[in-house]
Amino acid sequence: MKSTLRNRMMLVIGLFGGLAASLMYSAGADTPPEAAPAKLAAEGPTAACKPSNLAIKADRKLTAEDFEEPKACAKCHERQIKGWQGSMHSLAFKDPVFQAEWALAFKATNGTALNDCGGCHTPIGITTGTVKFDPTLGKHGGFTAPKQAEHGVSCDVCHSVSGSTAKRSLNGQPGNASIELNPGETKYGPFKDSKSGYHETEYSELHTKAEFCGSCHNIFHSVNQFPIEHTYDEWKNSPYAQADIPCQDCHMVPVDVAIQVADRMVRAKDVPNHGLGGLAAKGSKKEREIVHDHGFVGGNTVIAAALGVPGAEANKAEAIKRLQNAADMDMDVRQGKGGAHELRIKVTNVRAGHHLPTSLTFIRRIWLDVTITDDQGKVILRSGELDAHNRVDEDTVIFGNHSVDKHGKSTVNPWEIARFDELNTIPPKGYRYGKYAFRLPDGAKSFKVEAKLNYQSYDQKVADKLLGDKAIIVPTVEMKALSRTYDAALKVVEIRNLAQR
Ligand code: HEC
Ligand code: HEC
Ligand code: HEC
Ligand code: HEC
Ligand code: HEC
């Protein structure tokens, strides 16, 4: 037992030597002498998590056995495990799309990406130094870890968080896994008066705040510091932050309740008849105002379903519902220049507490699919149609950001991104237009505009590159659909909200 442990430590130090060397290479002569590999390893386990902001309380040396598996919690916390097992948090390490991109990152950065990416996707693997690269897994290579670490962002990751390291990060903001872990007897959570025979409990205000989520939902490039993903920052600048409505109030309650939160601009606990009260654990005596859903439903309908984990179908149904209630769509047509008409489609972000889309704004795709037909059935304009390869063409109106490397070349690889050269996401409670010019054929008496707002987690080409040709077919979720018929004088004669698929 002891000797395997020592071997593991050797592996960590060995890997880390490579990491520090490549960091020094990219940071050039500015790198402080403290970054020398031997010294860093001597500085202890927390330093060995760099460049991630992940930290270990009191710099204890941790092993995988210091963490419990979710099934140990399931016995008493049935409601929490039910949601979590179908969530992307439970798959943050196993997710094949992540694994493939991580493998590419690992190879391109001489290993720096091991801790960099792993800090958020498997905090247990990184704090215990137990993740190994295996070039034979998947299309590009993959990673293995002890079973505790395979559960990604597990119960014992979040409930071992004893503090934030945000103050120590370069910009003082949460991000890059700015959490301190203290696994063991004590579970940190939202209650001030909680008692359990199984574990100690400690109140943590952090768990009730958006900053807790922001620790991992703000991603800075570890070398050039570019904010690649900034869901927390978007939220911080939104009306939701002003109204004190944290991430938890939308992502740790059913979508039906989250809709009420966004429409009334109130905390989840203040939504009338939310029906979320109950016992936080089997055998507990005290009724709680809210027992939180742990499904952390976002927009991903691909991965949990593809892996067929328990709870996947329920999570997928909620994700579709969440997407279908995020935006509103409206349209108008007016006389343009030189006899042309201008169609404007207005998309409003009514219920997302951040931009639409958020996070991987350079990969996630929300786009407009528009058809204009005249009264003879002739198609006058077609835009945003999926082709035989499950892709849309370049002049489609896409809400998202476009990322480039330091030479201005298009890239979606996080380790290469230096900036965005186009910004087109929709801010919370704000709107953006998609605009189209068209001409009515002579003699047309009326015309019909059909518009759909669609969502894909990624372009089919990205999926093919990471997983192999057509290994998965990226599904399309229809977020909204609207049809309007106008007469030749541009007066609306018929409006239809189309049924959603
Ligand atoms: C991504 C982090 C995260 C993960 C993973 C997670 N939790 Fe939680 N959990 C929280 C947060 C945050 C709260 C407090 C929410 C609030 O009060 O605003 C919470 C609340 C709780 C509570 C208090 C009662 C309640 O539900 O509100 C219990 C018990 C709990 N979690 C158990 C678990 C168990 C068991 C698992 C694994 C199946 C788990 N948690 C996974 C973040 C997490
Ligand atoms: C600060 C925490 C953090 C770091 C560091 C991080 N990620 Fe992530 N990653 C996330 C979060 C959060 C999401 C989910 C966002 C969403 O779904 O909208 C995510 C999602 C992804 C996805 C999409 C998975 C899917 O199935 O859609 C890929 C791919 C990915 N990350 C790759 C990487 C790589 C490669 C690195 C290192 C270069 C990295 N991540 C570093 C937090 C992080
Ligand atoms: C034998 C039953 C049992 C097991 C097993 C168990 N818990 Fe608990 N847990 C409880 C009880 C009872 C409470 C108190 C609930 C209350 O106060 O409403 C509790 C409370 C909590 C809280 C809230 C703490 C606070 O102060 O806010 C968290 C978080 C938590 N448990 C996490 C976990 C995690 C993570 C695991 C697995 C590693 C786990 N529990 C395993 C029974 C259990
Ligand atoms: C330890 C880091 C960590 C913490 C803390 C964390 N997350 Fe995550 N979260 C992730 C990662 C990593 C993923 C993406 C996994 C993937 O796609 O492979 C993710 C995924 C998600 C998703 C699913 C996105 C999708 O595309 O469907 C939601 C929603 C989410 N997190 C919300 C939250 C909320 C709310 C909190 C705070 C209560 C939180 N997270 C705390 C790391 C974290
Ligand atoms: C008012 C409700 C609300 C609040 C508050 C909120 N969200 Fe969301 N979130 C949504 C909705 C609706 C979606 C689906 C639309 C989308 O993908 O943006 C979503 C989607 C997401 C996704 C998946 C994005 C994707 O397409 O991959 C992540 C990750 C996420 N939220 C994290 C967070 C975090 C972290 C916070 C707090 C900093 C937060 N959310 C606050 C409503 C909310």
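Residues numbered from 1 in each chain as written. Chains lettered and ligands numbered in written order. Predicted model: local features only at pLDDT ≥ 70, side-chain atom pairs only at ≥ 80, totals over all residues.

Colleague: I'd love a proper account of the overall build of the protein, names of residues and values included.
Modeller: Secondary structure assignment for the protein yields 17 helices and 22 strands. Relative to a compact globule of 501 residues, whose C-alpha radius of gyration would be 23 Å, the protein shows 25 Å and is just as compact. Along the first, second and third principal axes, the C-alpha set of the protein runs to 85 × 60 × 40 Å. When each of the 501 residues of the protein is scored for burial, the buried share is 43%. (Helix = DSSP H or I, 4+ residues; strand = E, 2+ residues; numbered from the N terminus. Rg over C-alpha atoms; globule rule 2.2 N^0.38 Å. Buried ≥ 20, exposed ≤ 12 C-beta atoms within 10 Å, placed from the backbone.)

Colleague: Which residues make up the site of ligand 2, and what are the values?
Modeller: Neighbouring residues of ligand 2: 26 residues in total, closest Val97, Glu101, Cys117, Cys120 and Ser359. When residues of the shell around ligand 2 are traced back to their parent elements, those giving at least two are helix H5 (96-108) and helix H6 (113-121). By residue number, the principal contributor to the shell around ligand 2 is H6, which donates six residues. Classifying every residue of the shell around ligand 2 gives 14 nonpolar, nine polar and three charged. (Near = placed C-beta within 6 Å. Nonpolar A, V, L, I, M, F, W, Y, C, P; charged D, E, K, R; others polar.)

Colleague: I'd like a rundown of H5, residues and numbers included.
Modeller: Taking 1.5 Å per residue as the helical rise, H5 with its 13 residues ought to reach 18 Å, and the 18 Å between its terminal C-alpha atoms agrees with that figure. Across the 13 residues that make up H5, a large majority, 10, are buried. Burial in H5 covers these residues: Pro96, Val97, Phe98, Gln99, Ala100, Glu101, Trp102, Ala103, Ala105 and Phe106. If you follow the buried residues of H5, they end up packed against H6, strand E2 (132-134), strand E3 (142-144), helix H15 (303-307) and helix H17 (460-467). One or two positions beyond H5, positive phi appears at Asn110, with a value near 55°. (Expected span 1.5 Å × (residues − 1). Contact = placed C-beta atoms within 7 Å.)

Colleague: Kindly report on the domain arrangement of the protein, identifying the contributing residues and their values.
Modeller: The domain boundaries assigned to the protein delineate domain 1 (2-243) and domain 2 (327-497). Here the C-alpha centroids of domain 1 and domain 2 sit 36 Å apart. Of all the elements in the fold, those that place two or more residues in the side of domain 1 that touches domain 2 are H5, strand E9 (227-230), helix H11 (231-236) and helix H12 (239-242). Counting residues per element, the side of domain 1 that touches domain 2 draws most heavily on H5, at seven residues. (Domains from an automatic or database assignment.)

Colleague: Account for the nonpolar core, naming residues and giving values.
Modeller: It is characteristic of soluble globular proteins that their nonpolar side chains tend to be buried jointly. Of all hydrophobic cores here, the largest spans 98 residues; its most connected members are Trp102 and Val261. The element best represented in this core is H5, accounting for seven residues. Residue contributions to this core reach at least three from each of two domains, namely domain 1 (2-243) and domain 2 (327-497). (Core = buried A, V, L, I, M, F, W, Y, C linked by C-beta atoms within 7 Å.)

Colleague: Can you lay out the site of ligand 3 for me, pointing to particular residues and giving the numbers?
Modeller: Taken together, 27 residues form the shell around ligand 3, and within it Cys73, Cys76, Gly189, Ser194 and Ser196 come nearest. Broken down by secondary-structure element, the contributors of at least two residues to the shell around ligand 3 are helix H3 (70-74), helix H9 (155-158), strand E6 (186-189) and strand E7 (200-203). Element by element, the count of residues in the shell around ligand 3 is highest for E7, at three residues.

Colleague: Now, about the pairing of E9: what can you tell me, with residues and values included?
Modeller: Of the pairings in the sheet, the one linking strand E8 (residues 218-220) to E9 comprises three bridges and is antiparallel in character. Among the inter-strand pairings, Ile219 is bridged to a residue of E9, identified as Glu229. Hairpin connection from E8 to E9: six residues lie between these consecutive antiparallel strands, with Gln225 at a positive phi of about 65°. (Pairing = 2+ DSSP bridges.)

Colleague: Can you lay out the sheet that holds strand E5 (residues 179-181) for me, pointing to particular residues and giving the numbers?
Modeller: Reading across the sheet, the three strands line up as E1-E5-E4 and stay open at both edges, with mixed pairing between neighbours. Two strands close off the open sheet at either side, each with one partner strand: strand E1 (55-56) and strand E4 (161-164).

Colleague: How would you summarise the confidence of the model for the protein if you had to cite specific residues and measurements?
Modeller: Considering every residue of the protein, the mean pLDDT works out to 91; 91% of them sit at 70 or more. This model gives residues 1-40 a pLDDT under 50, and the stretch forms 40 contacts once residues within four places in sequence are excluded. (pLDDT = per-residue confidence, 0-100.)

Colleague: Describe the environment of Asp233, with residues and values.
Modeller: With respect to the helices, strands and loops of the structure, Asp233 is situated in helix H11. When neighbours within four sequence positions are excluded, Asp233 is seen to be in contact with Asn218 and Pro227.

Colleague: Explain H6 to me, and be specific about the residues and the numbers.
Modeller: Burial analysis of H6 places nine of its nine residues in the buried class, the great majority of the element. Listing the buried residues of H6 in full gives Ala113, Leu114, Asn115, Asp116, Cys117, Gly118, Gly119, Cys120 and His121.

Colleague: Quick one: what's the story with the packing of H5 against H6, residue by residue and with numbers?
Modeller: Two elements in contact, H5 and H6, have axes separated by 9 Å at closest approach and are oriented at 155°. Relative to H6, H5 is oriented roughly antiparallel. Across the interface between the two elements, Phe98, Trp102, Ala105 and Phe106 of H5 pack against Ala113, Leu114, Cys117 and His121 of H6. Its residues assigned to classes, the contact of H5 with H6 comprises seven nonpolar, one polar and no charged. (Axes fitted to C-alpha atoms, helices over the stretch in contact; angles between N-to-C directions. Parallel < 35°, antiparallel > 145°, perpendicular 65-115°, else oblique.)

Colleague: Give a detailed account of the sheet that holds strand E13 (residues 341-349), specifying residues and quantitative values.
Modeller: Read across the open sheet, the three strands follow the order E12-E13-E19; overall the sheet is antiparallel. If you trace the sheet from one side to the other, it starts and ends with strand E12 (327-335) and strand E19 (431-438), each paired once. Along the sheet, successive strands turn relative to each other by an average axial angle of 20°, direction set aside. Pairing geometry for E13 and E19, over eight bridges, is antiparallel. Bridged to Lys346 within E19 is Tyr433.

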